[in-house]
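Descriptive structure summary
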Amino acid sequence: MEETVEYVQATGLLSSVWLLVAIPLASAAVLLLLGRRADKWGHWLGVLAVGSAFVLGLSYFISLAGMENKSVELSLWDFIAVGRFQVDFGLLFDPLSGVFVLLITGVGSLIHLYAVGYMSHDEGRRKFFAYFNLFVAAMLLLVLGNNYVMLYFGWEGVGLASYLLISFWYTKPSAATAGKKAFLMNRVGDAGLAIGIFIMFATLGTTQYVDVFNGVSGLAAGTILVLGLLLLLGAAGKSGQFPLQAWLPDAMEGPTPVSALIHAATMVTAGVYLIARSNPIFSANHTLQTVVVSVGALTLLMGCIIGAAKDDIKRVLAWSTVSQIGYMFLGVGLGGAAYALAIVHLLAHGFFKANMFLGAGSVMHGMKDQVDIRRFGGLSKYMKITWLTFMMGWLAIIGMFPFSGFFSKEPIIVAAFEREGWTAWLFGMAALLGAGLTAFYMTRLFILTFHGPKRWTEDIEHPHESPAIMTIPLILLAIGSVGAGFLLSTSVPDWLEATGGLGAQEEPHEAVLSHGVLTALSLLLTVAGAGLAYLLFRNGTAKQEQPAGVVVTAARRNLYSDTVNEAIFEKPGIFLTRALVYLDNRGIDGAVNGLAAAVGGGSGRLRRLQTGFVRSYATSMLTGALLVVAAFLAIQLGWLA
Amino acid sequence: MAGVNNFPFLSILTLGPLVGAAVVACIPKAKGNLAKIVALAVSLVMLVLSVFMWVAFQVGGDAQRFQFRESYPWIPGLGVNFTFAADGIALVMLMLIAVLVPLVILASWHDAEQSRRSVPVYFALLLSLEACMFGVFAAADVFLFYVFFEVMLVPMYFIIGSYGTAKRQYAAVKFFLYSLVGGLFMLAAVIGLWVVGGKTFDWVALTQIDIQTGTERWLFLGFFIAFAIKAPFFPFHTWLPDAGGAAPAGAAALLVGVLDKVGTFGILRYCLPLFPEASQWFAPWAIALALIGIIYAALLAVGQNDLKRLVSYTSIAHFGFIGIGIFAFTTQAGTGAVLYMLNHGLATGLLFLVVGMFVARRGSALVSDFGGAGKLVPVLAGVLFFAGLASLALPGTAPFVSEFLVLIGVFTVNKTVAVIATLGIILAAAYVLWMVQRTTQGTLNPALADIEPMRKDITLREKVVVAPLIALLIVLGFYPKPVTDVINPAVEATMQQDMGKQDPAPTGGGVTEASR
Amino acid sequence: MEDLNLPPIDYAALSPILILFGVACLGVLVEAFAPRRARHPVQLVLAIGGSVAALVMVVLERNTRVVTIGDAVAIDGPSLFLQGAILLLGIVSLLLIGERSLEAGGPFVAQAALTVGSEKDNRQAQGAPGNTEIYPLAVFALSGMLLFVAANDLLTMFIALEVLSLPLYLLCALARRKRLLSQEAALKYFLLGSYASAFFLFGVALLYGYAGGVNLQQINEAVAASQNSDILLYAGLALLAIGLLFKVAAAPFHVWTPDVYQGAPTPVTAFMAACTKVAGFGALLRVLYVAFEGVQWDYQPVIGTIAVLTMIVGSVLAVTQQDIKRLLAYSSIANAGYLLVGVVAQNREGVSSTLFYLVAYGFTVLAAFGVVSLVRDADGEATHLSRWAGLGRRSPLLAAIFTFLMLAFAGIPLTSGFISKFVVFGAAIDGGQSWLVVAGVVTSMIIAFPYLRVIVMMWLSEPAETTPTVSVPGWMTSAAVFIGVLATLALGVVPSPLLDLTNDASLFVR
Amino acid sequence: MTPDYYLVLAAILFTIGAVGVLVRRNAIVLFMCIELMLNAANLTLVAFSRITGTLDGQIMAFFVMVVAAAEVVIGLAIIMSIFRARRSASVDDSNLLKY
């Protein structure tokens, strides 16, 4: 960790890197401000904005490839400058942010294109594209910022966009509630991230990446641990990791392209980005890494278990997202070379999960927005392109050779086994088990949707394939699902080496099992899981929810995480709020009013002393006179004063 | 100094609206529209003047702390002068007033008609309120400050009392008495300070004197209680929801946006520099009150069913942030607090105005009377949502910068306080989103659709009202530097010269700017 | 036989007092000889003209600092200032007293001797021109006040006290309407006033025994050097103080105030609230500062306690009052408390601040009672507060004026009430009496509520069907109210001239 | 016989007068009690005058007598008119103004 991180100033083409953020933002602003006037062509502007951002991003990427120092900084203006606290409105284009830019704009463009078709019947399509563009801008700011405040800026920005898009159909109470839930749980994580930034400033006097990373070695171990845990909290909130995972499945209330782009491919991976970006901090503390790995392992298993019990096609995919991001956390938590592996998995996942979500969207499109997989079946005949592309995604996610999941997930499993001592067994076995479970529930999903007997509801007579504008993105993403894995796993780790701080590697421990054995094991488990699912579900399943055992019931209830949240936060919160309202009205306000009433009451009572009888007045005067005389005499005799 | 710097901006700003108020008050009742136009024109002139003043204000190395200083003798026997001067802190607040008042006048265009009272008087009251607000921030003489501080109550009292909603009598009296109680405590302290300080009210002279510790603490308390009631801090806050709930929306925006800032401004301008030792002694208590306010008021805001009361409670929570920012005694927190005062004025002002537009349409401020309103008035709902976002300090809106500065500044000196306060930002999201959901989202309340005005989305006049605020909030959210550059020297002078406090150095001993 | 050495008499310095005495006597003669119809204008012109002449003399003599007619009268800064104040306030009061356009015949009864409720009485209530003896009575009271504040020995002071009190007792009884109330007020005022005078006189006797004389300087010297029992001194001081505290309505000697203020004809109430208060405090200041300076540390706590008690009684009891005149009475009691704070300060600022307060308060209270006299219904003045509901809607100008006056009473800046409180509290802190300021501040908070209640009544309450009409005031009431309001505003905005004046006038001759 | 006895007597008279005001109802009697107090003061003045050997006190007593006479005139006038209206000289009957 002794090498220092250095950034160079952007020159030439790269000095226009701000356009990446500005173009989608401008497009969003135009769409929002013009209102209905832009209804006719607004969606095309949205697609164009993201598409041009992709082209730009690609050219930046290429020009970065030719550079010596691959960390290019561009300071736009002083954002906050107060005393020692100096924050740039600055961008950083380096290999790490580069691949994210490509993912976001690339997959983003395809999903935008898809959405043109998907949202064609929605009267709010223009607004949808405005929010979508806004999201892309915020996400790009998140990955392009050159300091933690910028990151936070984008971080909250994507939270906002996510909220807007989840509750896009805001007249549905469930959508509005889901959006609010997402925002709130994200805010919990955001608060952690914010406090982490405070710690950086309090201890290092800066929030710029370069200074933080170079200064982190000087910090006490305890400080680094706390700092890291707070960043992890932020990451967990955004990425739907334990214990802040509950919002992500609910987020499926939003339109499907949203689920694909935001809640599968990009935003939810921001946590992985944060940890990867902050790896000088995480690498500096071993306990911290163990915590990250634990969170990842726990979440990946949780996601699998719950995913296996769900019957809503989008929820299954959502929990699978939770689970897959668990893998990524596992990867970044392992540190060293596994950082790069996590990023590879992230990119691969971006492709195949977006592919599957869009496929799910296509299915829903043809099935009158039905989402229950118990009421699908036999669709392979009716929507061939969707079926085929979805199959590519399915094979990729379960890690079947030679699909991309195999190349991205298997190395993480291997890396987990490379930890020292018993933790290698613990995390390694968790990762392996996860691979098997993934195969099981994804196969269940695939079979129940596209094969087996038809279990459709009565109103559906002839499901249709989606229009070309939706299938073309599907096909392109499917190609990515097939091919990207191998390409990425060979190129990205080397590419990322150049990222400041990310290249630093510890010597990995010897794996407790040999590489070959592990590969074989994981493939075996995958096949076993898939096979089991095939056996169980090839003949379909019951159309209604059936009574089930403890495990399945728990999984259906999201392992009671919502129940726990409700019991610990929501109910006491509501009670506290009511109690405080009562306290404020009766207690504090009551005290003041009571004081006033006491004065009034005293006044009312004292008034009665003014009896109107002149003799009683004389009495009070004489009494007063006696008291005054007595007081004077007392003073004279030295009793007073 | 340059010629423009001698231009009597501050006295014109104070007198102008007063003259305007007199003129407007003389307009016969029947010619309500003329009154509105004259009032708007006067406030616009003040806005233009303020912009010139902003431009003329010198920033940079050798710029003076107080500029535009004017001084005329008033009551020589008591050592009272009409002394006006503005530092960066005051300048920002003056600018806020100048921006808000025309918008409030425009937003209140039809408010007065509904109350069957005289329309010209309403606008005359608004203008005289503007004059008092300018005066209170421009004063550099303790007596003068006190005079404006108290006189300000009168127009506001009548605005709430005569033009407010159902519980206006109770609210107006409560507002007046609370403020008066605080004012009288302050009066005692002002007199005490005057005697201790050798019969002068000059702010600069008074900062130089040495006061006995015990006396200093009592005097501090006198000032502080007044400001804590005004701001308001927990537990002196209960007047605000009543006043904010009963006042017409425009006036409520001024009340919460500007009037209450006198409290926090007073603490910064008077408590800290005049009683530095006592300020430090009392700081833990003040911070505790502010901190309780952040959490407590946020929770209460969640539990409110009246939109205007809800917004009032959010304000109390925000004042808690300003409070901890001030009493942290660091440059970041202090600058953040002042910036917060500005941003909160813009954001909550906007929120109140938008809520007012909803209330005017629905004829009720109860959250439960709305529901799904976004279907009927999508743009207005969007503006409400934006105002809510600004209120919860989302990055990209101005309050983010100030809240972040406050928290980061507080964190460097007191981690626990900052962490607890950070919980407040989660609660902020809760109350804003809960409000937005219950009013504009979900299924449409059938009763709502039957109300004719609810079907009319934002009008041109309303657009003109909200657009400048939205623009300012966004611009300052991305580029707050012009403002922080103005505030920063004044805050630094307060913290470092007057208080003798230095910002704590980074504890990590790591790399500093040198390596950049 | 020795030559009789007549003491030197500075007639010029005494001229204001003499002029008023003369005018009063002349008034009696006019009453006897002038035709009935001419009496009112003649008396009015005579009274006001005499007061103006006296005022002119005061102004001309402004630099006189002399003790004259055998040490009986001291014409010095405070006495000249107070005389001027009394005359100014007196002139305004006379304007209120002289108003006859509000109801037929004016506010005073035509034949006070007629039995209440008799047939003749009912007939005279319908509009017989009011009696004109009120003018000589008022002028006698005024001249007594002028002497009261200048008296340099206790006997003169006693005489002056009676000269100012006796006409007031009568004036209280002369209301045209609600005569029973008026007479009851007079009876109460008379009995309690005499009672207090007896205390005063006994105190004088004891002090005579202590000092061997009643001259204030003599007492002052005796305090420093006398061999006599201190019991005489303290008991004498106490009894003397009681007499004076009664006049200024300090608790617990305030009991008469609400009843008398309510029952007396409103112009007389105004006269008492403004002028008597000035006179009473003037005498109190002189006695305490000149004669008993040597024992100031002993009486400060006692008077201070009385001040606190007075403020509390006045403010707390004002909270639940339902009658505007009683409310103003309690307000006057509370203000007596604030004035005592200035008195107790026991320094030059104490004197000057008290002087300022007296003038400021006097004008405000005159204007306030002037307004009260305008709000009427068929039965005369409508003083019950509930009748004032919605007044702001019916007659906004009047309500605005009264609101302004209430704010002045509450001590809101830019009114004289604020500056008064400010200087008085400042003097007290300067004199080391911060506890009084704390009490003053707390009671100010309490008493703000009743003032505010009046404002709420006028502006924020809906007018009832029976809301009284507001009479169109004649020029005299208008002038009085206008002068009062103008002074209240002017002294709040540009108090400097008066502050300088009080400052210059704040030294007693010894 | 020392003049002190006169002082004591005066004090007793004053006390009787002061208490009398409280316990009697008839306005005239009440008023006479007040006169008694004034006369107690006169007695004190005269006594002190004798003790100190100056004439001031005695002269003062004359002044007081005159004042007392004037007071009687005023007082009786007021009491008379009230008596006419109410047919009662009891001060407790004049009780309209209160609270």
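Residues numbered from 1 in each chain as written. Chains lettered and ligands numbered in written order. Predicted model: local features only at pLDDT ≥ 70, side-chain atom pairs only at ≥ 80, totals over all residues. Heavy atoms only, no water.

Details of the overall build of chain C
Defined as follows: For helices the rule is a DSSP run of H or I covering at least 4 residues; for strands it is a run of E covering at least 2, with both sets numbered from the N terminus onward. For the radius of gyration, the atoms used are the C-alpha atoms, and the globule rule reads 2.2 Å times the number of residues raised to 0.38. Here the term buried applies to any residue with accessible area under 20% of the maximum for its type, exposed to any over 50%, and partly exposed to those in between, with areas from a 1.4 Å probe on protein chains only. For this analysis, residues touch if any pair of their heavy atoms sits within 4.5 Å. Computed by Shrake-Rupley with a 1.4 Å probe, the accessible areas treat only the displayed protein chains as cover when residues are assessed. All tallies of charge rest on Lys and Arg as positive and Asp and Glu as negative; His and the ends of each chain are not included. Where a charge sits is defined by one atom per residue type, namely NZ (Lys), CZ (Arg), CG (Asp) or CD (Glu).
Counting its secondary structure elements, chain C contains 20 helices and five strands. At 22 Å, chain C has a C-alpha radius of gyration in line with the 24 Å of a compact globule built from 510 residues. Judged by the C-alpha coordinates and their principal axes, chain C covers about 70 × 55 × 40 Å. Expressed as a percentage of the 510 residues in chain C, the buried residues total 73%. Excluding contacts between residues fewer than 6 apart, the proportion of contacts in chain C whose partners are at least 24 apart in sequence is 81%. As presented, chain C carries roughly 14,400 Å² of accessible surface, and 65% of it is formed by carbon and sulfur atoms. Each charge class in chain C can be summarised by its mean position, and for the 26 positive and 30 negative side chains these summaries are 13 Å apart.

Side note on the overall build of chain A
Helix and strand counts for chain A come out as 23 helices and three strands. Principal-axis analysis of the C-alpha atoms gives chain A an extent of 110 × 65 × 60 Å. Counting only residues that meet the buried cut, chain A has 63% of its 641 residues in that class. Sequence-distant contacts in chain A: of pairs separated by 6 or more residues, those separated by 24 or more amount to 82%. Counting 39 positive and 38 negative side-chain charges, chain A places the centres of these two groups 16 Å from one another.

A closer look at the pairing of strand β2 (residues 72–82) of chain A
Residue and element names in this part refer to chain A. Note the cut-off: Strands are labelled as partners when DSSP assigns at least two bridges between them.
Here strand β1 (residues 8–9) runs beside β2; their pairing, made up of two bridges, is parallel. What sits directly across from glutamine 9, in β2, is glutamate 73. Judged from the nine bridges that link them, β2 and strand β3 (residues 85–93) form a sheet pairing that is antiparallel. Residue pairing in the sheet places tryptophan 77 in a bridge with phenylalanine 89 of β3. Hairpin connection from β2 to β3: two residues lie between these consecutive antiparallel strands, with glycine 83 at a positive phi of about 55°.

Some thoughts on the sheet that holds strand β4 (residues 380–381) of chain C
Pairing is antiparallel across the open sheet formed by three strands, whose spatial order is β4-β3-β5 (chain C). Because the sheet does not close on itself, it has two edges, and the strands there are β4 and β5 (469–470) of chain C.

Comments concerning the interface of chain B and chain A
Convention followed: Here's the idea: put two parts together, see how much 1.4 Å probe accessible area each one loses, and the total over both is what we call buried area. Throughout this description, the term salt bridge denotes a Lys or Arg side-chain nitrogen within 4 Å of a carboxyl oxygen of Asp or Glu.
Counting from both sides, the interface comprises 71 residues of chain B and, opposite them, 58 residues of chain A. When chain B packs against chain A, close to 5,600 Å² is buried across both sides, 68% of that on carbon and sulfur atoms. Applying the counting criterion to the chain B and chain A interface returns two salt bridges. Note that A:Glu123 is salt-bridged to B:Lys375, the shortest N-O span being 3.9 Å.

Points about the sheet that holds β1(A)
All names here are of chain A. Just so we agree on the cut-off: Note on definitions: angles span 0 to 180 degrees between N-to-C directions of axes, and those axes are lines fitted to C-alpha atoms, for helices only across the stretch in contact.
Read across the sheet, three strands follow the order β1-β2-β3 without closing on themselves; strand pairing throughout is mixed. Of all strands in the sheet, those with a lone pairing partner are β1 and β3, marking the two edges. Relative to β3, helix α5 (residues 148–166) is tilted by about 70°, and along the sheet it contacts β2 and β3.

A short note on the packing of aromatic side chains
Filter applied, for reference: Here the aromatic set is Phe, Tyr and Trp, taking the six-membered ring for Trp, and pairing holds for ring centres within 6.5 Å; pairs whose planes are under 30 degrees apart are stacked, those over 60 apart are edge-to-face, and all others are tilted. Distance and angle both matter: a charge sits over a ring if NZ of Lys or CZ of Arg is within 6 Å of the ring centre and within 35 degrees of the ring normal.
Scanning the model with the defined rule gives 93 aromatic pairs over all chains in all. With a centroid separation of 5.4 Å and an interplanar angle of 90°, the aromatic rings of A:Phe79 and A:Phe89 are classed as edge-to-face. With A:Phe79 in strand β2 and A:Phe89 in strand β3, this residue pair connects regions lying 10 residues apart in the sequence. Side by side, A:Phe79 and A:Phe89 carry an identical accessibility label, which is buried. The ring centre of A:Phe537 lies 5.4 Å from the NZ or CZ of A:Arg444, which sits over that ring. When the ring centre of D:Tyr99 is taken as reference, the NZ or CZ atom of A:Arg608 above it lies at 4.1 Å.

Section: the nonpolar core
Inclusion rule: Think of a nonpolar core as a cluster: buried Ala, Val, Leu, Ile, Met, Phe, Trp, Tyr and Cys residues, connected wherever their side-chain atoms sit within 4.5 Å.
Residues B:Phe223, B:Ile324, B:Phe327, C:Tyr195, C:Phe292, C:Phe402 and C:Phe422 are the most contacted members of the largest nonpolar core, which totals 688 residues. With 20 residues, the single largest contributor to this core is helix α7 (residues 179–211) of chain C. A:Leu301, A:Leu334, A:Phe427 and A:Leu432 belong to the second-largest nonpolar core, a separate cluster that totals 21 residues.

Some details on the interface of chain C and chain D
Here is the rule: Within 3.5 Å is the distance limit for a polar contact, defined as a pair of N or O atoms, with the added protein rule that one can donate a hydrogen and the other accept it, and that residues adjacent in sequence qualify only through two side-chain atoms.
Facing 40 residues of chain C, the contacting portion of chain D comprises 43 residues. Roughly 3,700 Å² of surface becomes buried between chain C and chain D when both sides are summed, with 79% attributable to carbon and sulfur atoms. Area buried by chain C at its contact with chain D is led by C:Tyr195, C:Phe202 and C:Tyr208, which between them contribute 18% of it. At the junction of chain C and chain D, the tally comes to one salt bridge. As a salt-bridge pair, C:Glu184 and D:Arg86 come within 3.7 Å of each other at their nearest N and O atoms. For the interface between chain C and chain D, the tally reads nine residue pairs in polar contact (both at pLDDT 80 or more). Secondary-structure elements contributing two or more residues to the side of chain C that touches chain D are α6 (154–172), α7 and α10 (256–263) of chain C.

Describing empty space enclosed by the protein
Our working rule: For cavity detection a 1 Å grid was placed over the protein atoms alone, and a set of points counts as a cavity when a 1.4 Å probe fits there but cannot get out; an open set counts as a pocket when protein lies on both sides within 12 Å along at least five of seven lines, with lining residues being those that have an atom within 4 Å of a point. Grid points are joined across faces, edges and corners, and a volume is the space filled by probe spheres set on the points. Three residue categories are used. Nonpolar comprises Ala, Val, Leu, Ile, Met, Phe, Trp, Tyr, Cys and Pro, charged comprises Asp, Glu, Lys and Arg, and polar comprises the others, including Gly.
Per the stated rule, a full pass over the model turns up 10 cavities of 30 Å³ or more. The residue inventory of the lining of the largest cavity, partitioned by class, reads five nonpolar, five polar and five charged.

So, α7(C)
Residue and element names in this part refer to chain C. Our working definition: Take the residue count of a helix, subtract one, and multiply by 1.5 Å to get its expected span.
Over its 33 residues, α7 runs 46 Å from end to end, which matches the ideal 48 Å to within 8%, given 1.5 Å per residue. Counting buried positions along α7 yields 32 of 33 residues, so the element is predominantly enclosed. Immediately downstream of α7, the backbone of glycine 212 shows phi near 75°, a positive value.

Some points on the UniProt feature "domain: NADH:quinone oxidoreductase/Mrp antiporter transmembrane" (unreviewed entry) in chain C
Where we set the bar: UniProt positions are given in the numbering used here, feature names are shortened, and annotations may be inferred rather than shown by experiment.
Those residues carrying the UniProt feature "domain: NADH:quinone oxidoreductase/Mrp antiporter transmembrane" (unreviewed entry) are residues 151–446 of chain C in this numbering. Secondary structure content for residues 151–446 of chain C is 78% helix and 2% strand, while the C-alpha to C-alpha distance between its ends is 37 Å.

Considering the environment of A:Val527
Residue and element names in this part refer to chain A. Its place among the elements puts valine 527 in helix α20 (residues 515–537). Given a relative accessible area of 47%, valine 527 falls into the partly exposed group. Distance in space between the C-alpha atoms of valine 527 and methionine 400 is 8.3 Å, their sequence separation being 127 residues.

Digging into the packing of helix α11 (residues 270–277) of chain A against helix α14 (residues 313–334) of chain A
All names here are of chain A. Quick reminder of the rule: Working definition: roughly parallel below 35 degrees, roughly antiparallel above 145 degrees, roughly perpendicular at 65 to 115 degrees, and oblique for all remaining angles.
Where α11 contacts α14, the two axes come as close as 10 Å, and the packing angle between them is 5°. When the axis of α11 is compared with that of α14, the two are roughly parallel. Along the contact surface, α11 presents Gly271, Val272, Ile275 and Ala276, while α14 presents Ile325, Met328, Phe329 and Val332.

As for the arrangement of the chains
Ranking the five pairs of chains in contact by contact count places chains A and B at the top. The least C-alpha distance between chain B and chain D, which are not in contact, is 25 Å.

As for a nonpolar patch on the surface
Residues and elements named next belong to chain A. Put simply, the test is: Like-charged residues are merged into a patch within 9 Å and nonpolar side chains (Val, Leu, Ile, Met, Phe, Trp, Tyr) within 5 Å, provided each residue has over 30% relative accessible area and no salt bridge.
A cluster of nonpolar side chains, namely Ile385, Ile472, Ile475, Leu476 and Ile479, defines an oily patch on the protein surface of about 400 Å² accessible area. Among the elements that take part in the nonpolar patch, helix α19 (residues 468–496) stands out by supplying four residues, more than any other. Inspection of the secondary structure puts isoleucine 385 in helix α16 (residues 384–397).

A look at unusual backbone geometry
Residue B:Pro232 follows B:Ala231 across a cis peptide bond; omega there is -15°. Omega for the bond connecting B:Phe234 with B:Pro235 falls within 30 degrees of zero, at -5°, which places this linkage in the cis form. Relative to the elements of secondary structure, B:Pro235 occurs in the loop between α10 (213–230) and α11 (239–246). In this structure, A:Asp369 takes a positive phi of about 65° despite not being glycine. Assignment of secondary structure puts A:Asp369 in the loop between α15 (338–366) and α16. Phi is positive for C:Gln346, close to 60°, though the residue is something other than glycine. Structurally, C:Gln346 is set in the loop between α13 (324–345) and α14 (348–372).

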